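Take a look at the letters that make up each chain.
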Amino acid sequence: MPDYKVYYFNVKALGEPLRFLLSYGNLPFDDVRITREEWPALKPTMPMGQMPVLEVDGKKVHQSVAMSRYLANQVGLAGADDWENLMIDTVVDTVNDFRLKIAVVSYEPDDEIKEKKLVTLNNEVIPFYLEKLDDIARDNNGYLANSKLSWADIYFTAILDYLNYMTKSDLVANHPNLQRVVDNVTSIESIRSWIDKRPKTETMPMGQMPVLEVDGKRVHQSLAMCRYVAKQINLAGDNPLEALQIDAIVDTINDFRLKIAIVAYEPDDMVKEKKMVTLNNEVIPFYLTKLNVIAKENNGHLVLGKPTWADVYFAGILDYLNYLTKTNLLENFPNLQEVVQKVLDNENVKAYIAKRPITEV
C-alpha cells in the first residue's frame, strides 16, 4: 500500500476532498496540518509553492482536482469507462467553476466593489449553479453523475463547508436533491468516521485574519486592532483631537492601500493592464506627493510633528505596498523615507525585525 500524506493548512477547503477520498477507501494517510508560521519555510519545498499537496511514496503533487481524480481511481470511485469519466469530470469542473466565481467575490479587497459583486453573485450566479446542479442530482437519483456514487459526489460534499463559509449561507438548504447527494456521502461509514474524528479547524472572527488575541479574546479588523495597541503604548494622541488627526492620516494610507490592492488582485489581465496606467500615472503619484508634503511639514512624522501609530502603520505596511506595486514607492520621496527610518531606528522595532520569521512579503 502506498504511503500517503496530505499537506494543507488546518482548514477544510481544498484539502478536504483528498481527506474524504482517502477515508472512503480506508487508506491510511498522514494528515499534515501546516501552521501559518511554518508555511514560509515550507513553501519553497512544495510544487508551485502552494497547497494542498498530496505526497505518494515521497513524490509530491499539487492541483486539488487532479489529486482527487487520482485518488478516486485508487478507491474505486472513478467511472466504469471513458464516457462515465467524462460525466464525472464535467460535474467536478462545474463545481470548481462555481467555487472560483464565489471566491473572486469573497476575497475582493475593496468593500464597495465587493458589495456590488455580491448582488450579481447572490441574485444570478449562485441560483443558476445550484438550480442546474440540483437538476443534475434529481436526474441521477441523488448523485451527480451516472446515477451512482462517484468522486463527484465526494468532491462536492467535501468542499461544501468551504462554499458555505465563503457565502455565509447554507447553499443546499433549499435544494433537496443536492441535500440528498450530501446525505448519501455523509452516511457512508468510513466518511462518517472521518468527520467524527477530524481535527477542529481554524475559526476566526468574521472568518478572516489578521486577528489579535488579548487574554483569550479574539478580535479582527487591522485598523481597530492597531488603534487599540497604540493606546496601550501611548502612540494614539494626547486628546480626542489628536486622535482624530492620527485617524485621518491612517485612513488615508488605508485608502491608498485599497486602491493599489484593487489593481494588484484584478483577475482579468486586460482590465488590470488598463487600471495599472491610472494607478501608476495618477493614483500613486497623487498619494505619495501629498503624504511627502505632510511628512515634511511634520518634521519627519505623518501627523502632530511627533511619533504616532500613523508612522508605525505606514512603515509596517510599506513592504506590502512595494510588493503589490513591484516598486520602491519611496525612492523619490525623501520625507516619507525619513518617517520610515525613524520607525526602523526604534530599538524595539529593530529587535523585532531581527528575529521575525522570513516571509514571502
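Residues numbered from 1 in each chain as written. Predicted model: local features only at pLDDT ≥ 70, side-chain atom pairs only at ≥ 80, totals over all residues. Heavy atoms only, no water.

1. Focus on a nonpolar patch on the surface
Inference 1: Among the surface-exposed residues, Y228, V229 and I233 lie close enough to one another that they form a single nonpolar patch of about 260 Å² accessible area.
Inference 2: Within the fold, Y228 resides in helix α9 (residues 222–232).
Inference 3: A residue is classified by how much of its surface remains accessible, and Y228, at 40% relative accessible area, is partly exposed. (Patch = residues over 30% accessible without salt bridge, like charges linked within 9 Å, V, L, I, M, F, W, Y side chains within 5 Å. Areas by Shrake-Rupley, 256 points an atom, 1.4 Å probe, with all protein chains shown as cover. Salt bridge = Lys/Arg side-chain N within 4 Å of Asp/Glu carboxyl O. Helix = DSSP H or I, 4+ residues; strand = E, 2+ residues; numbered from the N terminus. Buried < 20%, exposed > 50% of the residue type's maximum accessible area, 1.4 Å probe, protein only.)

2. Things to note about the pattern of salt bridges
Inference 1: Under the counting rule described, the total for this entry stands at 19 salt bridges.
Inference 2: A salt bridge links D139 to R138, with the nearest nitrogen and oxygen atoms 3.1 Å apart.
Inference 3: Accessibility expressed as a relative area gives 45% for R138, which makes it partly exposed.
Inference 4: Here the residues in one salt-bridge network are K12, E16, R19, D31, R33, D161 and R198, joined through shared partners.

3. Examining the environment of A236
Inference 1: Looking at the secondary structure, you find A236 in the loop between α9 and α10 (240–264).
Inference 2: Among the residues examined, A236 registers a relative accessible area of 11% and is labelled buried.
Inference 3: Separated by 202 residues in the primary sequence, A236 and I34 place their C-alpha atoms 36 Å from one another.
Inference 4: Leave out the neighbours within four places in its chain, and A236 touches A230, K231, A243, I246 and W309. (Contact = heavy atoms within 4.5 Å.)

4. Observations regarding the packing of helix α5 (residues 111–139) against helix α7 (residues 176–186)
Inference 1: Across the interface, α5 lies against α7 with an axial gap of 7 Å and an inter-helix angle of 65°. The two elements α5 and α7 meet at a crossing, and its hand is left-handed. Across from L130, L133, D134, A137 and R138 in α5, the residues of α7 making contact are P176, N177, L178 and V181.
Inference 2: Among the residues making up the contact of α5 with α7, the classes are represented as six nonpolar, one polar and two charged. (Axes fitted to C-alpha atoms, helices over the stretch in contact; angles between N-to-C directions. Left-handed = near helix turned anticlockwise from the far one by under 90°. Nonpolar A, V, L, I, M, F, W, Y, C, P; charged D, E, K, R; others polar.)

5. Regarding the pairing of strand β2 (residues 29–34)
Inference 1: Where strand β1 (residues 4–9) lies against β2, six bridges are found, and the strand directions are parallel. Across the sheet, the residue bridging to F9 is I34, located in β2. (Pairing = 2+ DSSP bridges.)

6. Quick word on the sheet that holds β1
Inference 1: Read from one edge of the open sheet, four strands run β2-β1-β3-β4, paired in mixed fashion. Of all strands in the sheet, those bounded by a partner on one side alone are β2 and β4 (59–61). Looking at each pair of strands side by side, their axes are set apart by 20° on average, direction ignored.
Inference 2: Note: strand β3 (residues 53–56) against β4, three bridges, orientation antiparallel. Bridging from a neighbouring strand, E55 pairs with K60 of β4.
Inference 3: Relative to β1, helix α1 (residues 16–24) is tilted by about 150°, and along the sheet it contacts β1 and β2.

7. Points about the nonpolar core
Inference 1: W151 and F156 are the most contacted members of the largest nonpolar core, which has 65 residues in total.
Inference 2: It is helix α6 (residues 151–167) that contributes the most residues to this core, 11 residues altogether.
Inference 3: Sequence-distant contacts of F156, defined by excluding residues within four places in its chain, comprise V95, L144, V172, L178, V181 and V182.
Inference 4: Counting residues in hydrophobic clusters, the runner-up holds 38 residues, among them V250, I260, L330 and V340. (Core = buried A, V, L, I, M, F, W, Y, C linked by side-chain atoms within 4.5 Å.)

8. Structural notes on the environment of R218
Inference 1: With respect to the element layout, R218 can be found in strand β6 (residues 217–219).
Inference 2: Classification of R218 as partly exposed rests on a relative accessible area of 41%.
Inference 3: In the structure, R218 is positioned 104 residues away from K114 in sequence and 25 Å away in space, judged by C-alpha atoms.

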